Structures are given as C-alpha cells and as structure tokens.
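If you want the building blocks of each chain, they are given just below.
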Amino acid sequence: MFSYHCFEPIRTASGRALFVNAAGFGNTTQERAQGPEHANFKPHTEGGEIRRPEMRLMKNEMSFQYFFRKAPFAAVLLNMEGTAVDVNDRFVRLSGYRLSDIADGKPWPMKIFPDATLRRSLEEMWKEDISRLRSDATERKRIFPFRSADGRTLFIEFSICVLDGLEGYVLLGLNDITERRNFERDLQIRAAERTRKLRAISRRLRQASMEDTLTKLAGRRCFDIVLDREIRRAQRSGGYLSLIMADIDFFKQYNDCYGHLRGDECLRKMGQVFGTVFRRAGDLPARFGGEEFCVILPGTGREDAMRLAETLRRSVVKLAVPHRESGVSPVVTISLGVTTAFFPFPAPEEFIDQADQALYKAKADGRNRVSFRDSRASTSAHDHSTREPGPRHTS
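Computed from a predicted model, the values in this text were never measured in an experiment.

### Looking at the confidence of the model for the chain
Taken residue by residue, the chain gives an average pLDDT of 78. The fraction at 70 or more is 72%. Strand β9 (residues 241–248) holds the highest mean pLDDT among the elements of the chain, 97, whereas strand β2 (residues 17–24) holds the lowest, 42. Scored below 50 in pLDDT, residues 14–48 shows 87 contacts in the model against residues more than four places distant or in partner chains. Segment residues 378–383 is flagged for pLDDT under 50; beyond a separation of four residues in sequence, or across chains, it makes 10 contacts in the model.

### With respect to helix α9 (residues 251–258)
Listing the buried residues of α9 in full gives Phe251, Tyr254, Asn255 and Tyr258. Seen end-on, α9 carries its buried residues on one side only, within an arc spanning 95°. Looking at α9, the residues exposed on the side facing more than 90 degrees away from the buried face are Lys252 and Asp256. The first or second residue beyond α9 is Gly259, which carries a positive phi of 95°.

### With respect to the packing of α9 against helix α10 (residues 260–277)
The geometry of α9 relative to α10 is characterised by a closest axis approach of 7 Å and an angle of 135° between their N-to-C directions. It follows that α9 is oblique to α10 by the angle criterion. Across the interface between the two elements, Phe251, Tyr254, Asn255 and Tyr258 of α9 pack against His260, Arg262, Gly263, Cys266 and Leu267 of α10. Tallied by class, residues from the contact of α9 with α10 come to 5 nonpolar, 3 polar and 1 charged.

### What to know about a positive patch on the surface
Together, Arg203, Arg204, Arg206 and Arg221 give the surface a local cluster of positive charge. Secondary-structure assignment places Arg204 in helix α7 (residues 178–210). The exposure class of Arg204 is exposed, given its relative accessible area of 52%.

Each value, and the rule that gives it
Residues numbered from 1 in each chain as written. Predicted model: local features only at pLDDT ≥ 70, side-chain atom pairs only at ≥ 80, totals over all residues. Heavy atoms only, no water. pLDDT = per-residue confidence, 0-100. Helix = DSSP H or I, 4+ residues; strand = E, 2+ residues; numbered from the N terminus. Contact = heavy atoms within 4.5 Å. Buried < 20%, exposed > 50% of the residue type's maximum accessible area, 1.4 Å probe, protein only. Arc of directions from axis to C-beta. Axes fitted to C-alpha atoms, helices over the stretch in contact; angles between N-to-C directions. Parallel < 35°, antiparallel > 145°, perpendicular 65-115°, else oblique. Nonpolar A, V, L, I, M, F, W, Y, C, P; charged D, E, K, R; others polar. Patch = residues over 30% accessible without salt bridge, like charges linked within 9 Å, V, L, I, M, F, W, Y side chains within 5 Å. Areas by Shrake-Rupley, 256 points an atom, 1.4 Å probe, with all protein chains shown as cover. Salt bridge = Lys/Arg side-chain N within 4 Å of Asp/Glu carboxyl O. Lys, Arg positive; Asp, Glu negative; His and termini not counted. Charge placed at Lys NZ, Arg CZ, Asp CG, Glu CD.

Right, here's the structure in full:
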C-alpha cells in the first residue's frame, strides 16, 4: 500500500516549529489525511531545523495530496508498471472499487477491463504511452468501455499524465462520458435514419425524373442524358445514330373533345405501343414532353430507322382509338420525323433540331406520315416522306 508523507507543523515546549511526517494509512487519500491522531510521527529535523530539500518535498507532497483529494474527477495513482497505488474518493463513487479491490497483486485492468483482447490492446498502449511520457509529459487521452463494481458498463475518457515532483508515478484521470456518448450515439442513429429517408426520397425523385409516370417510358431528363452519352459513344466507335421524334396529331382537339382523363389514357396507350415496337437493347423510347415522343436508336442507319418509324405509325393506327375531331383520320394518328447522323456528329441540341425539322415537314405534308431529314443537310433536297394512302390535309 502506498503511503504519503503528510507533513504537519507542531510547536515544541520551547516554542520552536517542527514538521512531522504523518504517514497515514487507509483505503483512500481522505482516510490517510485525517490528521496526526491517525498517523505515525517521524520528525525530519536536523539540529532542530528542517532541511530545505525536505521542505520542498513536503510542499510538493502536501500540494499533491490536497489536489488528489479535491480533484473534480476520479483519479488513480499508478506506478510505472501500471499497478494502482492510490485512488481518490471520486474514483470509489464512480467505479465502486476501493484501492484494496484493485491493488490485490493483479494488474488492476484485469477487473475493470474483463475482455482479454481489450486488455492486450491496453497493455500495448500503456507501454507506448509510458515510453512517450518519459520524454514528453503531454497529457494522453483515450476512451474505453469500463465495467464498474456493480456490473454496469460505462464509457470513460482516460487521461494519463506525469506530475512534476512525483517521479516514478503517473496520474490517471477518469471522466465518465457515458451519457454524452449515448446522446451522440442517439444523434448518429437519428441522423443515419434521416439520411436513409432522404436518400430514399432522392432515389424516388431521380426515378421520377428519369421515368415518365404516365407512359412508363423514359422521361426528358433520362432522354437528355442518354442522347449525350450515345453521341459521344458513336463518335468513338464511328457508328450510325438515329433519332425519331413523334407527335400525336390534333391532340389538343382530342383533349377538348374527350377530356383530359381520356387524353391521359391515350398517352398511356401510346407509351405501350412505343415500348412494344422498340424492344432492342440500347433503344430508348422517351416522352419528350406533352404529346411529343422521341426514340434514340444507336447503331441504326437511315433505312432501318425509317422502317421502324413506319412500323410505329402503323401500330398506332391499329390501336383504333376514336378521334372524331382529327383532320386526318377517324382514329388517333401520329406524325414522325427521322434523322440519322454519322461522323462528324452534331451536338445534342442540333441533332434534336434536325429531327424536329423532319417532324415539322411531316406535319406540313399532311400528318400521319414519316419524314426524314439528313443531319448534314442544309436544304430539303434530302427530305423523304412516307404516308399511308388517303386524302391529303393541310390543317
């Protein structure tokens, strides 16, 4: 058991002041510092006067004893081997262990750190910290789980440091951060849950922006991304790239006549037809906006693109969706513009504009038809149209 030199001043019969060493014994500093009535007295005098080195020692030890007893944190005094030689009252209240409980010949971490793996890690860290403290007195802090005498698991921030004037020992401070850690853990759990929900919302929003909810085709954002990607890919590989733009003929009149709910149902049917015709991997049918649709056809030349566009047009006619306000047919029809690009490829906006010009020509030529425009053409010399036989309308 470690005993402190608790020096108390006494006055002799002749009036001289002497300091005596009250070596108190007990389980805590407070018990060992109760006063001369509980101590053995060993005067440290030389010719009736106390020596200066011992005076400095007394001051150091008395200061440390007062600090150790009054410290606002749990504290343990350890020797350089890691054996506990003293504890203060706050440590007893925090852990439930007295000095006799952790100074029974076994290393004290055996009791409060029952996990063997953690003890081995602590032993390595202890050696490392002690080695550093010998050359650098900077305080070291670590956080570990701690088992109290009543079986509770606490999370303790350990601070280890050396003290001037007390060679051969280190001071271990213990700060209970269990509540703070539990609070931070709860915050982390709530933050993780919020993050999960936000990611789910973001995923749904991305999906909504990438897919048209009404027709179940790709949305405009998805179309823009894929078109830019396919143009860059075609530039690298040197293949063809075709684009179809389609528009439902007289769709405003359809909505005015049958109502917007029937109009939505018509759009859904269009989405089904587009999905049926364009099933090849890599082809992307998309709703461009309103009653307009686009199809990206990688690796597809003019003839194949025109054939697919005509197949789509005929498939829409076969749906036989009534449209008594149409100026072209008694059923719903579509007009289509097709453009094909080969190296060098235009920018996405220019490519879309070429397909839009081909669509405009199909409408100008009477609707319910397919029109082609070469992406490199500056005039209509290369325009080509196909339509179902029937009367020509200009409205």
